[in-house]
Amino acid sequence: MAESYTTKRERELTEGSVLKTILYFSIPYLFSYFLQTLYGMADLFIIGQFNGVESTTAVSVGSQVMHMLTVIITGLAMGSTVIIGRAAGAGEQSNANKAVGNTAALFMFLSIICTIILSAAVKPIVNIMSTPAEAAEGTVIYLQICFAGIPFITAYNIIGSVFRGMGNSKSPMYFVAVACVFNIILDFIFIGVLKLGTAGAALGTTLSQAASVVVSFVFIIRHKMIPGISKKDFCLDKVVLSSILKIGIPVAVQDGFIQIAFIVITVFANRRGLNDAAAVGIVEKIIGIIFLVPSSMLSTVSALSAQNIGARKHDRAKQTLKYSLVIAVSFGIAVTIFMQFAAEGATSLFSGNSEVIKLGGQYMRSYVWDCIFAGMHFCFSGYFCAYGMSMVSFIHNFASIIFARIPLAYIASKYYLSTLFPMGIAAPAGSLLSVLICLAAFIWMQHNPGRFENL
């Protein structure tokens, strides 16, 4: 961007064909998410080729903890994406600069605090996860290294959130690609050549994200991608921070609760034994790929709707939601049908253990239905956040966890000991409840348009 956040191409995000705009914005983000998931899966795949089930379980448990931390960071950063997006849509470059600066200062402070606290709590975290004894030591090592790299992990994710708010989904894709390439290379070196096991997997992940941050900063400075930003923009401003946190905190809390629910389910599986734990961990990684489209729709709806709201184009924001729902649901139906036939084959990519493959197939066949319903409430959540109604997302996710995900998973783990299929039903059941709440909130919004037209 040579002049402002609203370059010609960015202005087109609030003009022209809505469907083309969604595809223009979401496809780079989709590739970004794919690459990010790919490098996350690289740890699990490569460790499975050179080490046993206990190492695979250690990496899957440790990476789930790190994934929880990451989604909380990106959830909190949703506030930045929306505030920056509104400023970009309205052509208010100085306000966008201030939001970028405050985001950087806030998250760097939080990352240092998190590093100190979590590094001191590694062993209690591993115990809370009910990590199988055979995998406990490896999990501790994995988390110790990853927690030390939290500032890089935070910067890595915040850069993407800021640029998506600016209407730029391509640059984060390039930065993620750097991390992906570095991670795969470092994993083979650390795990395959140097035989560092879980420590190697953690080092590969942390160092690759650090490399991506360095490359992205060089790229941003060299190409002057944030023109006009100055030191004063990094001074914390109460009004800006309040706006960011008002949207971001409910999203971060809801995402935290969702990950806690996943962790609780993982605990249920871990208590059933090493094979069940490995199967659940592998399927969670595969689901990460399957959820590429729904997740890209969430960020697409939030960023594009925010820009259209800033430009006072509320009907266009609603059209963005509708087209995204069609895309997410269509994809969900297709992949759900496919996985009914390919579940064991997908699981076998990460383990040669026949029992793990069988259990993973069972879990996948029921869990994958979540892709349809989660895709729906992801789109609604993006829309609500763009309007500053992130509390709705918090409410529906909290309700789904308390009344469906955790209780159903517990019942399944206790009374169906020979199969993981019933446990997998908990996720889509929870998402279905979320969809019903989202529909009620959306209908209420349509009957009260005056509350939102002046945002």
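The structure displayed is predicted, hence computed values, not measured ones.

## Here we look at the overall build of the protein
Argument step 1. The helix and strand inventory of the protein stands at 18 helices and zero strands.
Argument step 2. For the protein, the spread of C-alpha atoms along the principal axes amounts to about 55 × 45 × 35 Å.
Argument step 3. Out of the 455 residues belonging to the protein, those deemed buried represent 59%.
Argument step 4. For the protein, the proportion of contacts with a sequence separation of at least 24, taken over those separated by at least 6, is 83%.
Argument step 5. As presented, the protein carries roughly 18,100 Å² of accessible surface, and 69% of it is formed by carbon and sulfur atoms.
Argument step 6. Computed over 29 positive and 20 negative side-chain charges, the separation of the two mean positions in the protein equals 7 Å.

## Things to note about empty space enclosed by the protein
Argument step 1. Counting across every chain of the model gives two cavities of 30 Å³ or more.
Argument step 2. For the second largest cavity, the calculated volume is near 30 Å³.
Argument step 3. Together, Ser60, Val61, Gln64, Thr266, Asn270, Ala277, Val280 and Gly281 line the second largest cavity.

## Focus: unusual backbone geometry
Argument step 1. Its identity is not glycine, yet Lys195 carries a phi of approximately 55°, on the positive side.
Argument step 2. With respect to the secondary-structure elements, Lys195 resides in the loop between α8 (170-193) and α9 (198-222).
Argument step 3. Here Arg312, not a glycine, exhibits a phi torsion of approximately 60°, which is positive.
Argument step 4. For Arg312, the location among the structural elements is in the loop between α12 (292-310) and α13 (314-348).

## Thoughts on the packing of aromatic side chains
To describe a pair of aromatic rings, you give the distance between the ring centres and the angle between the ring planes.
Argument step 1. Throughout the structure, instances matching the rule amount to eleven aromatic pairs.
Argument step 2. Here the aromatic cluster, defined as three or more aromatic residues joined through ring pairs, consists of Phe380, Tyr383, Phe384, Tyr387 and Phe442.

## Here we look at the packing of helix α6 (residues 133-148) against helix α7 (residues 150-165)
Argument step 1. Look at α6 against α7: their axes get within 5 Å of each other, and the N-to-C directions meet at 60°. With respect to each other, α6 and α7 are oriented oblique. Within the contact between the two elements, α6 uses Cys146, Phe147 and Ala148 and α7 uses Ile150, Pro151 and Ile153.
Argument step 2. Each residue belonging to the contact of α6 with α7 can be placed in one class, and the counts come to six nonpolar, no polar and no charged.

## Some words on the environment of Thr81
Argument step 1. Within the secondary structure, Thr81 is located in helix α3 (residues 53-90).
Argument step 2. With 79 residues separating them along the chain, Thr81 and Gly160 place their C-alpha atoms 9.2 Å apart.
Argument step 3. Separated by 3.0 Å, the side chain of Thr81 and the backbone oxygen of Ser161 make a polar contact.

## Focus on the nonpolar core
Argument step 1. Leu143, Ile290, Met364, Tyr383 and Phe384 are the most contacted members of the largest nonpolar core, which totals 119 residues.
Argument step 2. Counting residues per element, this core draws most heavily on helix α10 (residues 238-270), at 14 residues.
Argument step 3. Leu35, Ala155, Tyr156 and Val176 belong to the second-largest nonpolar core, a separate cluster that totals seven residues.

## Topic: the confidence of the model for the protein
Argument step 1. Averaged over every residue, the pLDDT of the protein is 84; residues scoring 70 or more account for 95%.
Argument step 2. The least confident element of the protein is helix α1 (residues 8-11), whose mean pLDDT is 48; the most confident is helix α18 (residues 426-446), at 93.
Argument step 3. Here residues 1-11 is a poorly scored stretch, pLDDT under 50, and it has 28 contacts once near neighbours within four places are set aside; other chains count.

## Examining the pattern of salt bridges
Argument step 1. Evaluated as defined, the whole model comprises three salt bridges.
Argument step 2. The partner of Asp276 in a salt bridge is Arg272, with the nearest N and O atoms 3.0 Å apart. Each member of the pair, Asp276 together with Arg272, is buried.
Argument step 3. In this structure, the salt-bridge partner of Glu355 is Lys358, at a minimum N-O distance of 3.6 Å. Taken as a pair, Glu355 and Lys358 lie in helix α14 (residues 354-367) at a separation of three residues, close to a single helical turn.

## Considerations on α12
Argument step 1. Under the 1.5 Å per step criterion, the end-to-end length of α12 is 27 Å for 19 residues, consistent within 8% with the ideal 27 Å.
Argument step 2. Of all 19 residues in α12, 19 are buried; the element is thus mostly enclosed.
Argument step 3. Immediately downstream of α12, the backbone of Arg312 shows phi near 60°, a positive value.

## A word on a nonpolar patch on the surface
Argument step 1. On the surface, a nonpolar cluster with roughly 520 Å² of combined accessible area is contributed by Val181, Ile185, Ile189, Val193, Leu194 and Leu196.
Argument step 2. Position of Val181 among the secondary structure elements: in helix α8.
Argument step 3. The class of Val181 is partly exposed, set by a relative accessible area of 47%.

What counts, and where the lines are drawn
Along each chain, numbering runs from 1 in the same order as the chain's sequence is written. pLDDT decides what is reported in this predicted model: residues at 70 or higher carry local features, side-chain atom pairs at 80 or more are listed and counted, and totals for whole chains, interfaces and linings draw on all residues regardless. The side-chain numbers reported here are obtained from all heavy atoms of the structure, hydrogens and water having been left aside. Secondary structure elements are taken from DSSP: a helix is a run of H or I of four residues or more, a strand is a run of E of two residues or more, and numbering for both begins at the N terminus. Three labels apply to residues, based on accessible area from a 1.4 Å probe with only protein chains included: buried if under 20% of the type maximum, exposed if over 50%, partly exposed otherwise in between. Note on definitions: a residue-residue contact is assigned when non-hydrogen atoms from the two residues lie within 4.5 Å. The accessible surface values rely on the Shrake-Rupley method and a 1.4 Å probe; as for residues, cover is taken only from the protein chains in view. Note that His is not counted, nor are the chain ends; the positive residues are Lys and Arg, and the negative ones are Asp and Glu. By convention, the charge on Lys lies at NZ, on Arg at CZ, on Asp at CG and on Glu at CD. Definitions used for this entry: grid spacing 1 Å over protein atoms alone; cavity, a set of points where a 1.4 Å probe fits but cannot get out; pocket, an open set with protein on both sides within 12 Å along at least 5 of 7 lines; lining residue, one with an atom within 4 Å of a point. Grid points are joined across faces, edges and corners, and a volume is the space filled by probe spheres set on the points. Only Phe, Tyr and Trp rings take part, Trp by its six-membered ring, and two of them pair if their centres are within 6.5 Å. Stacked means planes under 30 degrees apart, edge-to-face means over 60, and tilted covers everything else. Every axis corresponds to a line fitted to the C-alpha atoms, with the helix fit spanning only the stretch in contact, and the corresponding angles, defined between N-to-C directions, vary from 0 to 180 degrees. Each angle gets one of four labels, with under 35 degrees taken as roughly parallel, over 145 as roughly antiparallel, 65 to 115 as roughly perpendicular, and the rest as oblique. Here the term charged refers only to Asp, Glu, Lys and Arg, the term nonpolar to Ala, Val, Leu, Ile, Met, Phe, Trp, Tyr, Cys and Pro, and the term polar to all other amino acids, Gly among them. In protein, a polar contact means a hydrogen-donor-capable atom and an acceptor-capable atom, both N or O and within 3.5 Å, with residues adjacent in sequence counting only if both atoms are side-chain atoms; elsewhere, any N or O pair within 3.5 Å suffices. By nonpolar core we mean a set of buried residues, namely Ala, Val, Leu, Ile, Met, Phe, Trp, Tyr and Cys, connected to one another through side-chain atoms within 4.5 Å. As a per-residue measure, pLDDT reflects the predictor's confidence and takes values from 0 up to 100. We define a salt bridge as a contact between a side-chain nitrogen of Lys or Arg and a carboxyl oxygen of Asp or Glu at a distance within 4 Å. Take the number of residues in a helix, subtract one, and multiply by 1.5 Å to get its expected span. Here, patches come from residues exposed beyond 30% relative accessible area and free of salt bridges, joined within 9 Å for like charges and within 5 Å for nonpolar side chains (Val, Leu, Ile, Met, Phe, Trp, Tyr).

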